[in-house]
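Observations on chain architecture
Below are the chains, spelled out letter by letter.
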Amino acid sequence: MFAKDSEVVIRAKNLTKKYKDFVAVDGIDFEVKRGESFGLLGPNGAGKSTTMKMISSVSQRTGGELTILGKEPNTHGPEIRAHLGVVPQKDLLDRELKAWENLFTYGRYFGLSRKFLKQKVEELLEFAQLTEKRNSKADDLSGGMQRRLAIARGLVNEPEILMLDEPTTGLDPQARHILWDRLFRLKEQGVTLVITTHYMDEAEQLCDRLIVMDKGKIMAEGSPAALIKQYSSKEVVEVRFGTDKNEKFAPQLEELADRIEVLPDRILLYTEKGEELLTKIVDAGLHPVTSLVRRSSLEDVFLRLTGRTLVE
Amino acid sequence: MITQLVVSQAVAIQERRSARPGSSIYSGRASMLLERGFRAFKSSNWMVVLSGFVEPVLYLLAFGFGIGQLIGNLEDGLGRPVSYAAFIAPALLATSAMNGAVYDSTWNVFFKMHFGKIYQVMLSSSLGPMDVALGEIGWALLRGVAYSLGFMAIVTPLGLVTNAWGLLAIPAASLIAFGFASIGMAITSYLKSFQQMNWVTFFMLPMFLFSGTFFPVSVYPQWIQMIVQALPLWQGVELIRSLMLGIVDWSLLGHVAYFLVMIAGGLWFTTVRLKALFMR
Ligand SMILES: Nc1ncnc2c1ncn2[C@@H]1O[C@H](COP(=O)(O)OP(=O)(O)OP(=O)(O)O)[C@@H](O)[C@H]1O
Ligand SMILES: [Mg+2]
């Protein structure tokens, strides 16, 4: 079972999902290689969770092709799911059971032995830093703890592919960094990660390659660095003139930069040389209330591709 | 190590099943749901569970021994006299089996489907929809069996089981519980609101009162008899009454067949529905 690096573990061709007449995923193509960490980005309703569910073989596609580890999900659902760890966007914990029982029972669904699970559950409680809360009912855990429990649950069956739908939403910064670290370690062990997120820093940190989706379609694909290079300039200048005035100065600023983006609270100017541009702005007699020069990030790529900011 | 690249146990377990027919919907682990059931049950409300059991016992006391005094003896199918209590006890046993099975497979399943969300979780493991269907039906069936065992433990010392065939009443009650659990869950999986659920409860009461429970169906005109005889409770009452009164012939297999069809049908529709609801 030691596979070549280039082995494709998930392959989607023209993958489509319709709910009645509504097209949630609109003919997308992508491949995920073994050991890779693959990201799905996109605004709310883009179709990320729907795609994740189809890969997890808990939702049937309505068109196109999809294979996971070379298997067809429509006919080999349970077999595929035995290879996968699934962390759904909604935690979906078993509220009638205690924290440790949530892990134990889920492992039993895979047919794992009690002996094996006894040890595994301890290991995972520690991983999720929930050892002290082991006997709490799932409902009595805080939101972040529930999230961590759901992530631990996804690891019970020692998956080869881990599907994480917004894994760090609701986690405090510390827990987030700890989780990143754990995910890195899983990746080092050869686990393939498929991640959706609304945090660009997370995507930059975790994903080798990602796709940006909007309205069920893929807008762009590549490594974080390549996407930044392709879709954004090197630097960005952010200026604020005060809420009502941003629109007013936009036309003047447009002439100075390669491209601008007017947001409700600020204006972003894309350029190769940030400081120079800022000087030009001031020379032109415009005096922003605040200004900032920074490097271009995935956030800018996202904004360009979807016309929306990420954090709502 | 959290995970490794050799084949995990979960995968090995699943691959052993992959050649079997139906492996896309059934993984042979319905019993894992029973395990979960016991874990969750430890903390559940015992009063609710007990009250369902007590109901038929109260009917037996009030009608069998109270009103039975006024009625005197009836005749069984062979013209022998039977006390009124001995006449209704088998019917109430069938009712116990039905009640236990139906409580779990309707209301409890309804809550799990719409609020507990546990079926989504199960179906994201390597269980298939038929594991979930069979497991939940099995859990409901257990409650039916528990109720009937309890009921038997009460009626036997009272001298209401008079012959050896009566022992078969227990497997018969289990069969009845299985049938009701199966059909109960299938119907529930199609219902969307509390109102619709109330209709189920509403339908249960007349079925309980008029399925030959407290008096023979021969009092009805022919066409009503035919309707009643098509109902599952009448089928169950007839089966158990025949066994407990020792009137045994091949026709009882007809009742058994009725329940087998009910079990298979319920299981199938539940599986289809689980798939449609949680794997869409
Ligand atoms: N079961 C369903 N029935 C009908 N429509 C659905 C269903 N599930 C999702 N959709 C629709 O499909 C679209 C994509 O939803 P999806 O959950 O995949 O978005 P997402 O990219 O995960 O968004 P978010 O970032 O908000 O989680 C949405 O418009 C949603 O309303
Ligand atoms: Mg989502």
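Before reading further, recall that the structure is shown in the block above.
Residues numbered from 1 in each chain as written. Chains lettered and ligands numbered in written order. Predicted model: local features only at pLDDT ≥ 70, side-chain atom pairs only at ≥ 80, totals over all residues. Heavy atoms only, no water.

Considerations on the interface of chain B and chain A
To keep things clear, this is the line we draw: Throughout, a contact is declared for two residues whenever any of their heavy atoms are within 4.5 Å. Between Lys or Arg on one side and Asp or Glu on the other, a salt bridge is scored when a side-chain nitrogen of the former is within 4 Å of a carboxyl oxygen of the latter. For this analysis, a polar contact is any N or O atom pair within 3.5 Å, provided that within protein one partner can donate a hydrogen and the other can accept it, and provided that sequence-adjacent residues contribute only side-chain to side-chain pairs. Put simply, DSSP H or I for four residues or longer makes a helix, DSSP E for two residues or longer makes a strand, and each gets a number counted from the N terminus. In this classification, Asp, Glu, Lys and Arg are treated as charged, Ala, Val, Leu, Ile, Met, Phe, Trp, Tyr, Cys and Pro as nonpolar, and every other residue, Gly included, as polar.
Opposite the 44 residues of chain B that make contact, chain A presents 51 residues. Across the contact surface, chain B and chain A share seven salt bridges. At the boundary of chain B with chain A, the tally comes to 12 residue pairs in polar contact (both at pLDDT 80 or more). Those elements that place two or more of their residues in the side of chain B that touches chain A are helix 1 (9–15), helix 2 (31–41), helix 4 (84–116), helix 5 (118–124) and helix 11 (252–278) of chain B. Residue classes in the side of chain B that touches chain A are distributed as 18 nonpolar, 16 polar and 10 charged.

Describing the pattern of salt bridges
All names here are of chain A. Condition: For every residue, the accessible area (1.4 Å probe, protein chains only) is compared with the maximum for its type, and the residue is labelled buried under 20%, exposed over 50%, or partly exposed between those bounds.
Considering all chains together, one arrives at 33 salt bridges over all chains under this definition. Put simply, Arg61 and Glu72 hold a salt bridge, and the shortest N to O gap is 3.0 Å. Here Arg61 is found in the loop between helix 1 (48–55) and strand 4 (63–68), whereas its partner Glu72 is found in the loop between strand 4 and helix 2 (73–83), with 11 residues between them in sequence. A relative accessible area of 24% places Glu72 in the partly exposed class. In this structure, Glu122 engages Arg134 in a salt bridge whose closest nitrogen and oxygen atoms are separated by 2.9 Å. With Glu122 in helix 4 (residues 114–127) and Arg134 in the loop between helix 4 and helix 5 (143–153), this residue pair connects regions lying 12 residues apart in the sequence. Judged by relative accessible area, which is 32%, Glu122 ranks as partly exposed. Overlapping salt bridges, with partners in common, bring together Glu238, Arg240, Asp265, Arg266, Arg294 and Asp300 in one network.

Description of helix 10 (residues 274–283) of chain A
Residues and elements named next belong to chain A. Keep this limit in mind: Regarding the arc, it is the one traced by the directions from the helix axis to the C-beta atoms.
Among the residues making up helix 10, those that are buried are Gly274, Leu277, Leu278 and Ile281. Down the axis, helix 10 shows its buried residues gathered within 100° of arc, on one side only. Counted as exposed and oriented over 90 degrees from the buried face of helix 10: Glu275 and Asp283. On its buried face, helix 10 is in contact with strand 10 (235–240), helix 9 (246–254), strand 12 (267–271) and strand 13 (290–295). Looking one or two residues past helix 10, Gly285 carries a phi angle of roughly 85°, positive in sign.

Looking at the coordination of the magnesium ion (ligand 2)
How we decide: Note on donors: an N, O or S atom is included if it sits within 2.8 Å of the metal, or within 3.2 Å for Na, K and Ca, and water is never included, so sites can look incomplete.
Donor atoms from the polypeptide that coordinate the magnesium ion (ligand 2) comprise Ser49 of chain A (OG) and Gln89 of chain A (OE1), at 1.9 to 2.1 Å from the metal. Linking Ser49 of chain A in helix 1 with Gln89 of chain A in the loop between strand 5 (84–87) and helix 3 (99–109), this pair joins segments that are 40 residues apart in sequence.

With respect to the site of ligand 1
The condition is simple: Near is defined per residue: the residue qualifies when any heavy atom it owns lies within 4 Å of the molecule or strand. To be clear on the numbers: accessible area is Shrake-Rupley with a 1.4 Å probe, and residue cover counts the displayed protein chains and nothing else.
Close contacts around ligand 1 come from 15 residues, with Asn44, Gly45, Lys48, Ser49 and Thr50 of chain A the closest. Site remark: ligand 1 is flanked by residues from chains A and B. A distance of 2.7 Å is found between an oxygen atom of ligand 1 and a side-chain nitrogen or oxygen belonging to Ser49 of chain A. Contact between ligand 1 and Arg280 of chain B: a nitrogen atom at 2.8 Å from a side-chain N or O atom of the residue. Coverage of ligand 1 by the protein chains reaches 69% of its 640 Å² of free accessible surface. Of all elements in the fold, only strand 2 (22–33) and helix 1 of chain A reach the threshold of two or more residues within the shell around ligand 1. Of all the elements, helix 1 of chain A adds the most residues to the shell around ligand 1, at three residues. Tallied by class, the residues present in the shell around ligand 1 amount to five nonpolar, seven polar and three charged.

Describing the sheet that holds strand 10 of chain A
Residues and elements named next belong to chain A. Put simply, the rule reads: DSSP-based pairing: two strands are paired if at least 2 bridges between them are found. Each axis is a line fitted through C-alpha atoms, and for a helix only the stretch in contact is used; angles between axes span 0 to 180 degrees, taken between their N-to-C directions.
Strands sit in the order 11-12-10-13 across an open sheet of four strands; the sheet is antiparallel. In the strand order of this sheet, the two ends are held by strand 11 (259–262) and strand 13, each with one partner. Ignoring which end each strand starts from, the neighbouring axes of this sheet average 20° apart. Looking at chain direction, strand 10 and strand 13 are connected through six bridges and run antiparallel. Residue pairing across strands places Arg240 opposite Thr290, the latter belonging to strand 13. Packing against the sheet, helix 9 makes contact with strand 10, strand 11 and strand 12, and its axis sits at approximately 175° to strand 11.

From the geometry alone we can't say anything about function, so treat these as descriptive.
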